[in-house]
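Coordinates in review
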Amino acid sequence: MSHIAIVGAGITGVTAAYSLVTRGYDVTVIDRCRYPAMDTSFANGGQLSACNAEVWNRVSTILKGLKWMLRKDAPLLVNPMPSWHKYSWMAEFVAAIPHYRANTIETTRLAIAARQHLFSVAETENIDFDLEKRGILHIFHDKKSFDASARVNTLLTEGGLERHAVTPAEMRDIEPALMGSYFGGFFTPSDSTGDIHKFTRGLAEACQRRGVRFIQDAIVTRIARAGGDDAAGFVIHYTPALPDAGLAPEQTAAEQDLKADAVVICAGAASRNLAASLGDRLNIYPVKGYSITVHSDRAESQAATPTVSLLDEAAKIVTSRLGVNRLRVAGTAEYNGFNRDIRADRIQPLIDWVRREFPAVDTDRAVPWTGLRPMMPDMMPRVRRGRVKGVFYNTGHGHLGWTLSAATAELIAEQVKADYPVA
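Residues numbered from 1 in each chain as written. Predicted model: local features only at pLDDT ≥ 70, side-chain atom pairs only at ≥ 80, totals over all residues. Heavy atoms only, no water.

**Points about the sheet that holds strand β11 (residues 234–240)**
The strand order across the open sheet built from three strands is β10-β11-β12, with neighbouring strands paired in antiparallel fashion. The outermost strands of the open sheet, each flanked by one partner alone, are β10 (218–225) and β12 (256–260). Between one strand axis and the next, the sheet turns by 25° as a mean value, whatever way the strands run. Pairing of β11 with β12, which is carried by five bridges, proceeds in the antiparallel orientation. Paired with V235 across the two strands is K259, which belongs to β12. (Pairing = 2+ DSSP bridges. Helix = DSSP H or I, 4+ residues; strand = E, 2+ residues; numbered from the N terminus. Axes fitted to C-alpha atoms, helices over the stretch in contact; angles between N-to-C directions.)

Structural data, given as structure tokens:
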């Protein structure tokens, strides 16, 4: 039995672990956080959204970014401070514009394939994650943005997605809590929502029941060949995320190591540096996103909270109803390096949006969060072998990590199986 090490215990790492252990591999997952799903997989928008599969590589995206640069509350915000990583990423983003159509269609197909597999895994392992199969309603306030989405819709339907236009009256039939004025919308009945953190933790527990080992609170410092040939495997060196309380101030925690036959990198935005150390180039940039979780304790507030997931095109905001008393509201994209600060001026627009669109919903308990989406310039995940035999990548999923994870986990597991057949 081959031993496969996975770096990263977020949604992509845990789904990969599940796909590998169910194929008969000995699997160890190593992560810098104390528990699985405590970083970018903690409080995202909650959407399993094939309808959001459009890649961002368009001239209009660039123009909007330039227009919004001086607005602190802009949906897309770029820190203009010089950075080779940021500007090289942007140059490759522009270079990928000719592939916009093909990449959008491919992402749609991958998202549809992922969806049913995720549902099957959740049912098999009895994972409760506040799943709502009520579809996703894309709302528009003006004709221009609605017409633009109609053009995108042709690509999504070509990718196999059922998504159709709806009138303002039909929108209110789908979601009676809508109170604003709208030009129209698009509805995707097959999309769904849920709590990514609850799902990932539940799947991690299922992995442990099947024999997967999790090493948490561990920072991977380097990955090296164990010997001089391909069959020798790898040694993953790591140190504790927190120093041992018994050590003197001048001491450091001892480096530890984990031996494995192969390594799968699922480390989100940190995958770039790990890949570089292994001779591979993954130009992943950490695109920062924000969310709030609105807790509604009063029955009146709960009744006014939307149950159907929404995507507001103008504000670039998504919502997901999580159980009885939680509404997840997420949005914005911020290019600001590895910065995890929760900025009040980025959170306030999310609160203001709830107050404006759903005035009867209480916002006195709105818990803020931020995470770094690992984005490639062409917005496509990297699910492939590395230059060194035994190195694999399942990373760079951007804003669609949860939506695509169940499919990419299967793809990378099949690549591992091809190189390391199960006896």
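Past the structure itself, the notes keep going.
**So, the pairing of strand β19 (residues 382–385)**
Where a strand is regular, its side chains alternate between the two sheet faces. Examined bridge by bridge, β19 and strand β20 (residues 391–395) share four bridges and lie antiparallel to one another. In the sheet register, R382 faces β20, and the bridge partner there is T395. Here β19 folds back onto β20 in antiparallel fashion, the turn holding five residues, of which G390 has a positive phi close to 100°.

**Focus: the packing of helix α4 (residues 100–125) against helix α7 (residues 196–209)**
Two numbers describe how α4 lies on α7: the axes approach to 11 Å, and their chain directions differ by 60°. Between α4 and α7, the angle falls in the class oblique. At the point where α4 passes α7, the crossing takes the left-handed sense. Residues L118, V121, A122 and E125 of α4 form the contact with α7, whose own contacting residues are F199, L203, A206 and R209. (Parallel < 35°, antiparallel > 145°, perpendicular 65-115°, else oblique. Left-handed = near helix turned anticlockwise from the far one by under 90°. Contact = heavy atoms within 4.5 Å.)

**Quick word on the packing of aromatic side chains**
In the structure shown here, the tally under the stated rule is 13 aromatic pairs. Aromatic side chains W89 and Y285 sit 6.2 Å apart centroid to centroid with 50° between the ring planes, which places their arrangement in the tilted category. Note that W89 is positioned in helix α3 (residues 84–95) and Y285 in strand β14 (residues 285–295), a separation of 196 residues in sequence. W89 gets classed as buried once you look at its relative accessible area, which sits at 2%. Given a relative accessible area of 3%, Y285 falls into the buried group. In this structure an aromatic cluster arises from ring pairing among W89, F93, Y285 and Y335. Lying over the aromatic face of Y87, K86 brings its terminal NZ or CZ to 5.7 Å of the ring centre. Cation over ring: K133 sits above F119, and NZ or CZ is 4.2 Å from the ring centre. (Phe/Tyr/Trp six-rings, centres within 6.5 Å; stacked < 30°, edge-to-face > 60°. Buried < 20%, exposed > 50% of the residue type's maximum accessible area, 1.4 Å probe, protein only. Lys NZ or Arg CZ within 6 Å of the ring centre and 35° of its normal.)

**A closer look at unusual backbone geometry**
Here D130, not a glycine, exhibits a phi torsion of approximately 60°, which is positive. As for its position among the elements, D130 is in the loop between α4 and β5 (136–140). Classification of D130 as buried rests on a relative accessible area of 16%. Positive phi, close to 55°, is recorded for K316, a residue that is not glycine. Structurally, the position occupied by K316 is in the loop between β15 (309–312) and β16 (317–322).

**Some thoughts on the packing of helix α1 (residues 11–21) against α7**
Packing of α1 against α7 brings their axes to within 9 Å, and their N-to-C directions diverge by 30°. In terms of their interaxial angle, α1 and α7 are classed as roughly parallel. For the element pair α1 and α7, the recorded crossing hand is left-handed. For the pair formed by α1 and α7, the contact residues are I11, V14, T15, A17 and Y18 on the first element and I196, F199, T200, L203, A204 and C207 on the second. Residue composition of the contact of α1 with α7, grouped by class: nine nonpolar, two polar and no charged. (Nonpolar A, V, L, I, M, F, W, Y, C, P; charged D, E, K, R; others polar.)

**Some details on the pattern of salt bridges**
The full count for this structure, using the stated rule, is 27 salt bridges. The shortest N-O distance in the salt bridge between R115 and D191 comes to 2.7 Å. Of this pair, R115 sits in helix α4 while D191 sits in the loop between β7 (184–188) and β8 (192–193), and the two are 76 residues apart along the sequence. We classify R115 as buried; its relative accessible area is 14%. In this structure, D419 and R385 form a salt bridge, with 2.8 Å as the shortest nitrogen-oxygen distance. Taken together, the residues D419 in helix α11 (residues 401–419) and R385 in strand β19 connect sequence positions 34 residues apart. On the basis of relative accessibility, which here comes to 25%, the residue D419 falls in the partly exposed class. Here the residues in one salt-bridge network are K288, E334, R343, D345 and R346, joined through shared partners. (Salt bridge = Lys/Arg side-chain N within 4 Å of Asp/Glu carboxyl O.)

**Describing the sheet that holds strand β1 (residues 3–7)**
Reading across from one edge, β9-β2-β1-β13-β20-β19 is the order of the six strands in this open sheet, with mixed pairing throughout. Because the sheet does not close on itself, it has two edges, and the strands there are β9 (213–215) and β19. Sheet twist, expressed as the mean angle between neighbouring strand axes with direction ignored, is 20°. Across three bridges, strand β13 (residues 262–265) lies against β20 in parallel orientation. For V264, the partnering residue across the bridge sits in β20 and is F392. On top of the sheet, α11 reaches β1, β13, β19 and β20; it is set at about 0° to β19, its chief contact.

**A few points about the nonpolar core**
Ranked by internal contacts, the top residues of the largest apolar core, which has 41 residues, are I6, L20, V27, F199 and V264. Listing elements by their share of this core, those giving two or more residues are β1, α1, β2 (26–30), α4, α7, β13 and α11. Considering each element in turn, this core owes the most residues, seven residues, to α1. In this structure, V27 is in contact with H3, I4, I6, A17, L20, V21, G211, V212 and R213, ignoring residues within four places of it in sequence. V78, L155, A333 and M380 belong to the second-largest nonpolar core, a separate cluster that totals 27 residues. (Core = buried A, V, L, I, M, F, W, Y, C linked by side-chain atoms within 4.5 Å.)

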